[in-house]
Amino acid sequence: MTVRRALALVIGAVLCTGVLGTGCAQQPSGLYSGDAQPPAASASSPAAEAARTSPQAGPPRSFPRPLPGIGPAMRARLPDGSRQALVVTGATETSNRAEAVLYERYPAEGWRAVAGPWPAHNGLRGWTDDHEAGDLRTPVGVFGLSDAGGRLPDPGALLPYDQDPEFAVSGTGHLGEPLEGSFDYVIAIDYNRVPGTTPLDKTRPLGEDKGGGVWIHVDHEGPTNACVSLSEDHMRALLTALDPQKEPVVVMGPEPVLAR
């Protein structure tokens, strides 16, 4: 062995020992370190097929908002085409003070409040689901709002509006308050009446004993015989908002009954 070859063998042995001592030896084929990315699954591998066929989470489903405070029984009485609802709610069956909110229904969103809440009065003795003439209670239920009128000129109502001096009223209410001006603006509630006629029409399809002439009218700071009353400003706002194309209704009664 020549001196040059012996020297080469010694140098090679030293270099190999140094590499093994520092832990930098090559990894066996097919393995990867923790910092490296694993090889991508092939398009035909079981992992790729499972990822392709597994159900994907979609966006959360949303449902149109129902009319607030109205339970399934009363909701079932809403006309399918109605897109406006004035909800008049009393605290109890004997309360004669109430709150009114106007809602509109939008295709995706559902019902949304667009006006109110407004303070209101109703019948002196509260509410009833079996109204009779002179019982001083306001009928409970869902009723159309199809006609309007009043002593004062039309404020811009979309409903048919009958201005007539016969809407004049005098005398005092149940608390001794003056009634004058109460019928300056009225909206007929379609209870025991013929829709499409002036609120002054006295036709009673259910008979005289079931009452009639139930209106939304200007508040006189006291309970009514059977009507619902709002302030003059709120009556004007309601008259200019109700749209016959949206089949407006009033949903009214004590809160526990409406929630059924």
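Please refer to the structure placed before this passage.
Definitions and limits used
- Residues numbered from 1 in each chain as written.
- Predicted model: local features only at pLDDT ≥ 70, side-chain atom pairs only at ≥ 80, totals over all residues.
- Heavy atoms only, no water.
- Helix = DSSP H or I, 4+ residues; strand = E, 2+ residues; numbered from the N terminus.
- Buried < 20%, exposed > 50% of the residue type's maximum accessible area, 1.4 Å probe, protein only.
- Contact = heavy atoms within 4.5 Å.
- Areas by Shrake-Rupley, 256 points an atom, 1.4 Å probe, with all protein chains shown as cover.
- Pairing = 2+ DSSP bridges.
- Core = buried A, V, L, I, M, F, W, Y, C linked by side-chain atoms within 4.5 Å.
- Phe/Tyr/Trp six-rings, centres within 6.5 Å; stacked < 30°, edge-to-face > 60°.
- Arc of directions from axis to C-beta.
- Lys, Arg positive; Asp, Glu negative; His and termini not counted.
- Salt bridge = Lys/Arg side-chain N within 4 Å of Asp/Glu carboxyl O.
- Polar contact = N/O pair within 3.5 Å; in protein donor to acceptor, adjacent residues only side chain to side chain.

Visitor: Looking at this structure, I do not really get the overall build of the protein chain. What am I missing?
Guide: Scanning the protein chain from terminus to terminus reveals five helices and eleven strands. For the protein chain, the residues scored as buried account for 38% of the 260 residues in total. Considering only residue pairs separated by 6 or more positions, the protein chain has 63% of its internal contacts joining residues 24 or more positions apart. Looking at the protein chain as shown, the accessible area adds up to about 15000 Å², and 56% of this sits on carbon and sulfur atoms.

Visitor: How do you make sense of unusual backbone geometry when you look at a structure like this?
Guide: Apart from glycine, the bulk of residues carry a negative phi angle, and the bulk of peptide bonds sit in the trans form. With omega at 10°, the peptide bond leading from Gly116 into Pro117 counts as cis. The residue Pro117 is located in strand 3 (residues 110-121) in this model. Phi is positive for Glu247, which is not a glycine, with a value near 45°. The residue Glu247 is located in the loop between helix 4 (232-241) and strand 11 (249-254) in this model. Glu247 sits in the partly exposed class, given a relative accessible area of 41%.

Visitor: Hey, could you run me through the pairing of strand 3 in this one?
Guide: In summary, the side chains of a regular strand alternate between the two faces of the sheet. As paired elements, strand 2 (residues 97-106) and strand 3 share nine bridges and run antiparallel to each other. Counted as the bridge partner of Tyr103 is Ala113 from strand 3. Counting the residues in the hairpin turn of strand 2 and strand 3 gives three residues.

Visitor: I tried to follow the nonpolar core on my own but got confused; where do I start?
Guide: Nonpolar side chains tend toward joint burial in soluble globular proteins. In terms of nonpolar packing, the biggest core is built from 46 residues, with Leu67, Val88, Ile187, Ile189, Ile216, Leu238 and Val251 touching the most fellow members. The greatest single-element share of this core, amounting to five residues, is contributed by strand 2. Discounting chain neighbours no more than four positions away, the residues touching Ile216 are Leu86, Leu145, Tyr185, Val186, Ile187, Ile189, Val228, Leu230, Met235 and Leu238. Listed in part, the seven residues of the second largest apolar core include Phe167, Phe183, Leu200 and Cys227.

Visitor: Explain the packing of aromatic side chains here, please?
Guide: Aromatic ring pairs: the centre-centre distance and the angle between the two ring planes describe each pair. Tallying each qualifying case throughout the model produces three aromatic pairs. Relative to Tyr191, the ring of Phe143 has its centre 5.9 Å away and its plane inclined at 90°; by these criteria the two rings are edge-to-face. A residue pair is termed long-range when its members are at least 10 positions apart, and Phe143 in strand 6 (residues 141-150) and Tyr191 in the loop between strand 8 (186-189) and strand 9 (215-218) qualify at 48 residues. Each member of the pair, Phe143 as well as Tyr191, carries the same accessibility label: buried. Aromatic pair Phe183 and Trp215: ring centres 5.0 Å apart, planes at 75°, arrangement edge-to-face. On the criterion of sequence distance, the pair formed by Phe183 in the loop between strand 7 (161-163) and strand 8 and Trp215 in strand 9 is long-range, its members being 32 residues apart. Comparing Phe183 with Trp215 shows no difference in burial state: the two are buried. Among the aromatic residues, ring-to-ring pairing joins Phe167, Phe183 and Trp215 into one connected group.

Visitor: Is there a simple way to explain helix 4 in this structure?
Guide: Turn by turn, an α-helix covers 3.6 residues, leaving residues three or four places apart pointing in a common direction. Of the residues making up helix 4, those classed as buried are Met235, Leu238 and Leu239. For helix 4, the angular spread of buried residues about the axis comes to 100°, placing them on one side.

Visitor: Is there a simple way to think about the side chain of Asp164 in this case?
Guide: Tracing the sequence through the fold places Asp164 in the loop between strand 7 and strand 8. Of the side chains with opposite charge, Arg151 comes closest to the buried, unpaired Asp164, at an N-O distance of 10 Å. A distance of 2.8 Å separates a polar atom in the side chain of Asp164 from the backbone nitrogen of Glu166. Not counting the four nearest positions on each side in its chain, Asp164 is found in contact with Gly150, Arg151 and Leu200.

Visitor: Hey, could you run me through the pattern of salt bridges in this one?
Guide: Opposite charge on two side chains allows them to pair when their charged atoms are near. For the coordinates displayed, the defined rule picks out nine salt bridges. Among the ionic pairs, Glu109 bridges to Arg65, the shortest N-O distance being 3.6 Å. Highlighted residues: Glu109 in the loop between strand 2 and strand 3 and Arg65 in the loop between helix 2 (46-53) and helix 3 (72-75), separated in sequence by 44 residues. Of the residues examined, Glu109 reaches a relative accessible area of 32% and is grouped as partly exposed. Among the ionic pairs, Asp147 bridges to Arg193, the shortest N-O distance being 3.1 Å. Taken as a pair, Asp147 in strand 6 and Arg193 in the loop between strand 8 and strand 9 lie far apart in primary sequence, 46 residues in all. One exposure class covers both Asp147 and Arg193, and it is buried.

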